[in-house]
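Working through the structure, step by step
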Amino acid sequence: MSRRASLPGASELFRLTSSPALDVPAPPTPAPQRPEAQRPGHGHNSGHREQLERSAAGRRGSGRQKHDSKITVYVSGDELVAMEQARLSLRAEHGLAIDRGRLVREAVAVLLADFDEHGADSVLVRRLREGGLDSEEAAGP
């Protein structure tokens, strides 16, 4: 009798626990509605926000799945804090528990849908024109 403990191999530890055919995503739960006056988008810019949401309907973030590609994006400390505050707000106020990757994928999907629909008049083009070149972009590779 061996004195060594029998441990599972890597293939057993990292095996799939459900078959892809049976893995059906849960339907999205609607967010609780707030009175119109309390909604963050209510005001002079709400029409543009609604337009962005409509244009994003055709393009969606990929959600929780295995992704084939990876990029690294560097953000400032303030941007990271703002992203975390948005993530926590989505959880506390809307019941949406998401990670930073999902938040970024959805934001990219919304911006790209707006770009597809509006081209030169899109939010992305306007913000990039207004912002000018960053010092990193001006320096080149």
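Located above this text is the structure these notes cover.
Numbering of residues starts from 1 in each chain and follows the order in which that chain's sequence is written. A pLDDT threshold of at least 70 governs which residues receive local features in this predicted model, and a stricter bar of 80 or more applies before side-chain atom pairs are shown or counted, although totals over entire chains, interfaces and linings include all residues. Based on all heavy atoms of the structure, the side-chain values leave hydrogens and waters out of the count.

The next thing to look at is the overall build of the protein. Secondary structure is summarised from DSSP: a helix means a run of H or I of at least four residues, a strand means a run of E of at least two, and numbering begins at the N terminus for each. A tally of helices and strands in the protein yields six helices and zero strands. Along the chain direction, N to C, the helices and strands of the protein fall in the order α-α-α-α-α-α. Remark: exposure states derive from per-residue accessible area (1.4 Å probe, protein chains only) relative to the maximum for the residue type, with buried under 20%, exposed over 50%, and partly exposed in between. Across the 141 residues that make up the protein, the buried fraction comes to 13%. The criterion used for residue contact is that any of the two residues' heavy atoms lie within 4.5 Å. Put simply, 51% of the contacts in the protein that link residues at least 6 apart link residues at least 24 apart. For accessible areas, the Shrake-Rupley method is used with a probe of radius 1.4 Å. Any residue's cover is judged against the shown protein chains and nothing else. Looking at the protein as shown, the accessible area adds up to about 12,500 Å², and 55% of this sits on carbon and sulfur atoms.

A pair can form between side chains of opposite charge whenever their charged atoms are brought close. What makes a salt bridge here is a side-chain nitrogen of Lys or Arg within 4 Å of a carboxyl oxygen of Asp or Glu, nothing more. This structure, assessed with the given rule, holds three salt bridges. The partner of R87 in a salt bridge is E84, and the shortest N-O contact between them spans 2.9 Å. With R87 and E84 both in helix α3 (residues 77-94), this residue pair falls three residues apart, about one helical turn. Here E84 falls in the partly exposed class, since its relative accessible area comes to 21%.

Looking at the secondary structure, you find S122 in the loop between α4 (100-118) and α5 (123-131). Setting aside anything within four residues of it in sequence, one finds S122 in contact with D114 and F115.

What counts as an axis is a line fitted to C-alpha atoms, over the stretch in contact for a helix, and the angles between N-to-C directions run from 0 to 180 degrees. Where α4 meets α5, the axes come as close as 7 Å, and the angle between the chain directions of the two elements is 100 degrees. By the angle between their directions, the pair α4 and α5 is classed as roughly perpendicular. In contact with L111, D114 and F115 of α4, α5 contributes V123, L124 and V125. Under the convention adopted here, Pro, Cys and the residues Ala, Val, Leu, Ile, Met, Phe, Trp and Tyr are nonpolar, Asp, Glu, Lys and Arg are charged, and Gly plus all remaining residues are polar. A breakdown of the residues in the contact of α4 with α5 according to their chemical character gives five nonpolar, no polar and one charged. In these notes the angle categories are as follows: under 35 degrees is roughly parallel, over 145 is roughly antiparallel, 65 to 115 is roughly perpendicular, and the rest is oblique.

Summarising the element assignment, L103 is placed in helix α4. Residue class for L103 comes out buried when judged on its relative accessible area of 18%. When the C-alpha positions of L103 and R87 are compared, they lie 7.3 Å apart, and in sequence the two are 16 residues distant. Residues within four places of L103 in sequence aside, it is in contact with M83, A86, L90 and I98.

In this scheme, patches are assembled from residues that exceed 30% relative accessible area and form no salt bridge. Like charges are connected within 9 Å, while nonpolar side chains (Val, Leu, Ile, Met, Phe, Trp, Tyr) are connected within 5 Å. Together, I71, V73, V75 and L80 make up a nonpolar patch on the protein surface, roughly 370 Å² of accessible area in all. Secondary-structure assignment places I71 in the loop between α2 (46-55) and α3.

Let us now look at the side chain of D114. Its location among the elements puts D114 in helix α4. His is not counted, nor are the chain ends, whereas Lys and Arg count as positive and Asp and Glu as negative. Although D114 is buried, it forms no salt bridge, and the closest oppositely charged side chain is R126 at an N-O distance of 6.0 Å. Residues adjacent in sequence count toward polar contacts only when both atoms are side-chain atoms; beyond that, a polar contact is any pair of N or O atoms within 3.5 Å, and within protein one must be able to donate a hydrogen and the other to accept it. A polar side-chain atom of D114 sits 2.7 Å from the main-chain amide nitrogen of V123.

Once that is clear, we can look at α4. The α-helix winds at 3.6 residues per turn, so residues separated by three or four positions along the chain end up facing the same way. Each residue after the first adds 1.5 Å to the expected span of a helix. Here α4 is 19 residues long and its end C-alpha atoms lie 27 Å apart, about the 27 Å a rise of 1.5 Å per residue gives. A positive backbone phi angle near 55 degrees is found at G119, which sits one or two residues after α4.

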